[in-house]
Amino acid sequence: MIERIWSGKSWLYILLLPLSILYGLITAVRLIGYKTGLFRSWKAPVPVVIVGNLTAGGNGKTPVVIWLVESLISEGYRVGVVSRGYGGKSNHYPLVLDGNSTTELAGDEPVLIYHRTKVPVAVAPKRSEAIKALLDKNQLDVIITDDGLQHYALQRDYEIVVIDGQRRFGNGWWLPAGPMRETTCRLKSVNALITNGGQPHNNEIAMSLEGDVAINLLSGETRPVTQLSAVVAMAGIGHPPRFFASLQSKGLTLLSVHAFSDHQPYEQQQLSSLTKSNECLLMTEKDAVKCQPFAQANWWYLPVNVELEKNGSQTILSEIKNIISDNKKTCL
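A quick note: this is a predicted structure, and the numbers were derived from the prediction, not measured. (Residues numbered from 1 in each chain as written. Predicted model: local features only at pLDDT ≥ 70, side-chain atom pairs only at ≥ 80, totals over all residues. Heavy atoms only, no water.)

Please set out the packing of aromatic side chains residue by residue, giving values where relevant.
Taken as a whole and judged by the stated rule, the model has 6 aromatic pairs. Pairing Y34 with F39 gives two aromatic rings, centres 5.4 Å apart and planes at 70 degrees, and the pair type is edge-to-face. Take F39: its relative accessible area is 31%, and that puts it in the partly exposed class. Here the aromatic rings of Y34 and Y152 are separated by 6.4 Å at their centres, their planes lie at 45 degrees, and the arrangement is tilted. Of this pair, Y34 sits in helix α2 (residues 13-36) while Y152 sits in the loop between β5 (142-146) and β6 (158-164), placing them 118 residues apart in sequence. Taking relative accessible area as the criterion, Y152 reaches 10% and is therefore assigned buried. Taken together, the aromatic side chains of Y34, F39 and Y152 make up a single cluster linked through ring pairs. Between the NZ or CZ atom of R84 and the centre of the ring of Y86, over which it lies, the distance is 5.6 Å. (Phe/Tyr/Trp six-rings, centres within 6.5 Å; stacked < 30°, edge-to-face > 60°. Buried < 20%, exposed > 50% of the residue type's maximum accessible area, 1.4 Å probe, protein only. Helix = DSSP H or I, 4+ residues; strand = E, 2+ residues; numbered from the N terminus. Lys NZ or Arg CZ within 6 Å of the ring centre and 35° of its normal.)

Requested: an account of the environment of V51, with residues and values cited.
Note on placement: V51 falls in strand β1 (residues 48-52). Residue classification places V51 among the buried positions, given a relative accessible area of 0%. Residues V51 and L282, spaced 231 residues apart in sequence, show a C-alpha to C-alpha distance of 28 Å. Discounting residues that sit within four places of it in the chain, V51 has contacts with K61, V64, V65, L68, I144, T145, D146, D147, I160 and V162. (Contact = heavy atoms within 4.5 Å.)

Can you break down the UniProt feature "binding site: ATP" (unreviewed entry) in the protein residue by residue, with the values?
Sites flagged by UniProt as "binding site: ATP" (unreviewed entry) map to T55, A56, G57, G58, N59, G60, K61 and T62. Note on placement: N59 falls in the loop between β1 and α3 (61-74). For N59, a relative accessible area of 3% translates into the label buried. Not counting residues within four places of it along the chain, the set of residues in contact with N59 comprises N53, V162, I163, D164, R167, N196 and R242. (UniProt positions renumbered as here; feature names shortened; annotations may be inferred.)

How would you sum up the packing of α3 against helix α10 (residues 310-331)? Please name residues and give values.
The N-to-C vectors of α3 and α10 enclose an angle of 65 degrees; their axes lie 11 Å apart at closest approach. For α3 against α10, the interelement crossing comes out right-handed. Contacts between α3 and α10 involve W67, L68, S71 and L72 on the former and, on the latter, S313, I316, L317, I320 and K321. (Axes fitted to C-alpha atoms, helices over the stretch in contact; angles between N-to-C directions. Left-handed = near helix turned anticlockwise from the far one by under 90°.)

Have a look at this one:
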């Protein structure tokens with residue numbers, strides 16, 4: 001229902017407009033407060049790069065964070081990542097992740113980033129506390145923030161906004177009548193726009209998510225995803241239909257699909273009941289990090305990697321490297 005409301009296919013959004021207007025007013029007051037210095041913000045001693053979005057729901061920002069981290073590491077930079085840790089319920093913050101960190105404590109996206117990239121990762125509601133915790137233990141050249149475009153208590157040096165190329169900005173209204181956290185005017189002040197799928201508009205960098213090799217959660221076996229048979233697909237991400245459509249575009253015939261809420265925790269029996277003994281349960285990597293402790297032999301996941309239009313990706317990396325270089329010169 002919420003997808004229909006946010007996409008403009010249902011008139012029910014009208015009932016939510018008073019709340020949306022209030023949300024917009026609060027957002028505007030906060031932004032003005034930080035711009036004028038009424039509210040205090042914190043400047044990190046190393047450059048901070050924000051990867052965020054204007055809308056609620058999955059746009060593909062976490063894969064962009066992973067791409068950016070891996071790209072900078074390949075050129076010799078020391079990178080750390082901070083996140084709010086949505087879905088996690090730690091008894092203390094900041095929480096610096098290690099090999100024993102669970103999604104129940106840290107949230108699924110930070111754990112995914114940590115295992116994929118092996119870089120220092122910390123979570124905290126106040127991103128400044130997470131950054132301080134990383135810098136206390138690590139010599140870093142740059143911090144990447146997974147989400148946090150609207151977290152103005154943290155000053156930033158570079159902003160990347162990821163746009164869902166198919167859903168775009170829905171009906172254009174603020175939450176809860178629409179998907180917007182801020183208006184599209186905010187796009188004029190960011191450094192880079194990346195469009196996940198669909199047709200990119202002017203000044204937007206085309207992005208796609210590519211993945212063809214499935215991995216078994218229990219054994220670690222790899223197999224071309226097209227070689228899996230009797231597949232049942234599940235996804236607990238911001239926009240599950242994107243995952244299901246990508247599988248079908250590869251030629252897979254899905255016996256059934258099961259969409260769960262973003263950041264939803266799972267139980268073994270809950271997922272085991274989705275398949276019969278001769279069927280494969282195929283999920284996203286974000287789901288897999290939550291299911292690893294009770295994985296079954298017929299459970300597989302499909303990791304994906306970001307593919308960006310070459311000139312756009314080179315521009316982003318070049319601009320960020322220049323910021324890092326300038327910061328190092330200033331600190332000498």
